[in-house]
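Examining the three-dimensional arrangement
Below are the chains, spelled out letter by letter.
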Amino acid sequence: MVLEAIRYTPGPPSQLQILDQLKLPHTEVYDDIYSSSDAWRAIKEMRTRGAPAIAIVAALGLAVELNKMELSDSAPEAEIFIKQRLDYLVTSRPTAVNLADAARKLRKIVEKAAAAQGATGDSLRQAYTKASEKMLVDDVSDNKAIGQYGAEWILKNRATSAGETVSVITHCNTGSLATAGYGTALGVIRSLHARKSLKHAFCTETRPYNQGSRLTAFELVHDQIPATLITDSMAAALLRIKSSSESISAIVVGADRVAANGDTANKIGTYSLAIIAKYHGIKFLVAAPRTTIDLETKSGEQIIIEERPGREVTLVKGPRHDGVSLDLNVVETVSIAASGIGIWNPAFDVTPAELIDGIITEVGVVEKDSNGVFHLDKIFDGLDVE
Ligand code: MRU
């Protein structure tokens, strides 16, 4: 089976399906997305998640809606409609910038199409659809490039005692399920494995939503990559292990938004991993496409951190297990906290740039200069980043 978070068939009639990630790892169910409202709900409920996947599902959700609509001949009317739907889609989740970035680019494309001689609703639809379909294709090739650059960097910078192969820790899910395919940080692990340079991958459980134990573990098992699941609180102890067979060369994570100075918002728990990496002298890397880099946001302090409902911390949902086997027909929700306790559930945290050794992008690995400053604007040279 190919791991696909997003299934899209170009039209007309175009079709979009998302793998319901709330049901993974035990049940693989695809949900139809017929409209931007369907896409908004799927993102909000986290049936689809991961910064690049969110952006692509939103963009294609609207493409599918436009594809089946009777659009008026009036280009300005179509332009207003598309822009309103894009504004609405951006409200689904606030932290990952990829969605806002995709919406900004799509708005520009629609504006350009509307200004063209003889523009109609249909010409806007075509321009929009072409651009959103390209996002799906580009994301996979960008991820493969990130994988290559990241693997090369880790191998080049590993401790001499590490030997030929390296072990890494990753957090959350940044793989095929979080993107159009292959993944970012998990793409680096895939690339190390493909070159036979990976000794072992460790994935954190990633409480409270368990993207690590449910999704990353699922992908690692699927690809038969040698891997072990740890709870978030075990990472420091793992780094303390000095035996060369288990020593860790790097922690590599994804990102939801990288500010201009390199401060990085990513899944809650990333910041603690960066601190323990620094303490243990382990390289800490962020893997992200340029669509995740937000030069408008000067530092991490300006990043809005989404807070999710407390029930994601207190309740755990899954198929019934009687101690011996799973019963996939019975899904149970159990409470794992004392009722009445207050809950704080930020979905992301910000890791300061000073704790990050490199930002792996599809155009190379950005490192800090001798003053400890990232120059992320350089990797946009020649590209439109207004
Ligand atoms: O809340 P999620 O599951 O959408 O959070 C996902 C992450 O934090 C990922 O690390 C990030 O989006 C990068 S995915 C390539």
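Analysis parameters
Residues numbered from 1 in each chain as written. Predicted model: local features only at pLDDT ≥ 70, side-chain atom pairs only at ≥ 80, totals over all residues. Helix = DSSP H or I, 4+ residues; strand = E, 2+ residues; numbered from the N terminus. Buried ≥ 20, exposed ≤ 12 C-beta atoms within 10 Å, placed from the backbone. Contact = placed C-beta atoms within 7 Å. Expected span 1.5 Å × (residues − 1). Near = placed C-beta within 6 Å. Nonpolar A, V, L, I, M, F, W, Y, C, P; charged D, E, K, R; others polar. Domains from an automatic or database assignment. Axes fitted to C-alpha atoms, helices over the stretch in contact; angles between N-to-C directions. Parallel < 35°, antiparallel > 145°, perpendicular 65-115°, else oblique. Left-handed = near helix turned anticlockwise from the far one by under 90°. Pairing = 2+ DSSP bridges. UniProt positions renumbered as here; feature names shortened; annotations may be inferred. pLDDT = per-residue confidence, 0-100. Core = buried A, V, L, I, M, F, W, Y, C linked by C-beta atoms within 7 Å.

Focus: the overall build of the protein chain
Of the regular secondary structure elements, the protein chain holds 10 helices and 16 strands. Out of the 386 residues belonging to the protein chain, those deemed buried represent 46%. Across the protein chain, the fraction of contacts at a sequence separation of at least 24, relative to all contacts at a separation of at least 6, is 76%.

Points about helix 2 (residues 51-68)
Between its first and last C-alpha atoms helix 2 spans 27 Å; for 18 residues at 1.5 Å apiece the expected length is 26 Å, and the two agree. Taking burial as the measure, the 18 residues of helix 2 include 17 buried ones, the bulk of the element.

Some points on the site of the ligand
Not every one of the 17 residues close to the ligand is listed here, only the nearest: Arg49, Ala51, Ala178, Gly254 and Lys267. For the shell around the ligand, the secondary-structure elements that each account for two or more residues are helix 2 and strand 9 (264-267). Its residues assigned to classes, the shell around the ligand comprises 7 nonpolar, 7 polar and 3 charged. Both domains that furnish three or more residues to the shell around the ligand are identified here as domain 1 (6-139) and domain 2 (160-307 + 341-380).

Some words on the domain arrangement of the protein chain
If you check the domain split of the protein chain, you get domain 1 (6-139) and domain 2 (160-307 + 341-380). Of all the elements in the fold, those that place two or more residues in the side of domain 1 that touches domain 2 are helix 2, helix 4 (97-115) and helix 5 (121-157). Top contributing element to the side of domain 1 that touches domain 2 by residue count: helix 2, with 5 residues. Split by residue class, the side of domain 1 that touches domain 2 holds 13 nonpolar, 4 polar and 4 charged.

As for the packing of helix 1 (residues 36-44) against helix 2
Packing of helix 1 against helix 2 brings their axes to within 7 Å, and their N-to-C directions diverge by 160°. It follows from the interaxial angle that helix 1 and helix 2 lie roughly antiparallel. Pair helix 1 / helix 2 crosses with right-handed handedness. Mapping the contact onto sequence places Ser36, Asp38, Ala39, Ala42 and Ile43 in helix 1 and Ile54, Val57, Ala58, Gly61, Leu62 and Glu65 in helix 2. Its residues assigned to classes, the contact of helix 1 with helix 2 comprises 7 nonpolar, 2 polar and 2 charged.

Section: the sheet that holds strand 2 (residues 15-19)
Backbone hydrogen bonds are what pair the strands of a sheet, in a parallel or an antiparallel way. The strand order 1-2-3 describes an open sheet built from 3 strands, whose pairing is antiparallel. Each of the sheet's edge strands pairs with one partner strand only, and the pair in question is strand 1 (6-9) and strand 3 (30-32). Within the sheet, the average angular offset between the axes of one strand and its neighbour, ignoring direction, is 25°. In the sheet, strand 1 pairs with strand 2 via 4 bridges, with the strands oriented antiparallel.

So, the UniProt feature "active site" (unreviewed entry) in the protein chain
According to UniProt, the "active site" (unreviewed entry) feature falls on Asp256. Note on placement: Asp256 falls in the loop between strand 7 (250-253) and strand 8 (257-259). Under the C-beta neighbour-count criterion, Asp256 is labelled buried, with 30 such atoms within 10 Å. Excluding anything up to four places from it in sequence, Asp256 contacts Ala51, Thr95, Ala96, Ala265, Asn266, Thr292 and Phe348.

Describing unusual backbone geometry
Cis geometry is found at the peptide bond from Pro12 to Pro13, where omega equals -5°. Tracing the backbone through its elements, the reader meets Pro13 in the loop between strand 1 and strand 2. Between Arg207 and Pro208 the backbone carries a cis peptide bond, its omega angle lying at 5°. Non-glycine residue Thr206 carries a positive phi angle of around 70°. Assignment of secondary structure puts Thr206 in the loop between strand 5 (198-204) and helix 7 (211-222). Its identity as a non-glycine residue notwithstanding, Gln224 has a phi of 55°, on the positive side. Within the secondary structure, Gln224 is located in the loop between helix 7 and strand 6 (227-230).

Some words on the confidence of the model for the protein chain
Averaged over every residue, the pLDDT of the protein chain is 95; residues scoring 70 or more account for 97%. For this predicted complex, the interface confidence score (ipTM) comes to 0.99, while the overall pTM stands at 0.95.

Quick look at the UniProt feature "site: Transition state stabilizer" (unreviewed entry) in the protein chain
Within the UniProt annotation, "site: Transition state stabilizer" (unreviewed entry) is assigned to Cys172. Summarising the element assignment, Cys172 is placed in the loop between strand 4 (166-170) and helix 6 (185-194). Given 29 C-beta atoms within a 10 Å radius, Cys172 is considered buried. Residues within four places of Cys172 in sequence aside, it is in contact with Thr206, Gln211, Gly212, Val253, Gly254, Asn266 and Lys267.

Description of the nonpolar core
Within the largest apolar cluster, 104 residues are counted, with the highest numbers of intra-cluster contacts made by Val57 and Ala58. For this core, the element with the most residues is helix 2, which contributes 13 residues. Not counting residues up to four positions away in its chain, the partners in contact with Ala58 are Ala39, Ile43, Leu89, Ser92, Leu99 and Ala102.

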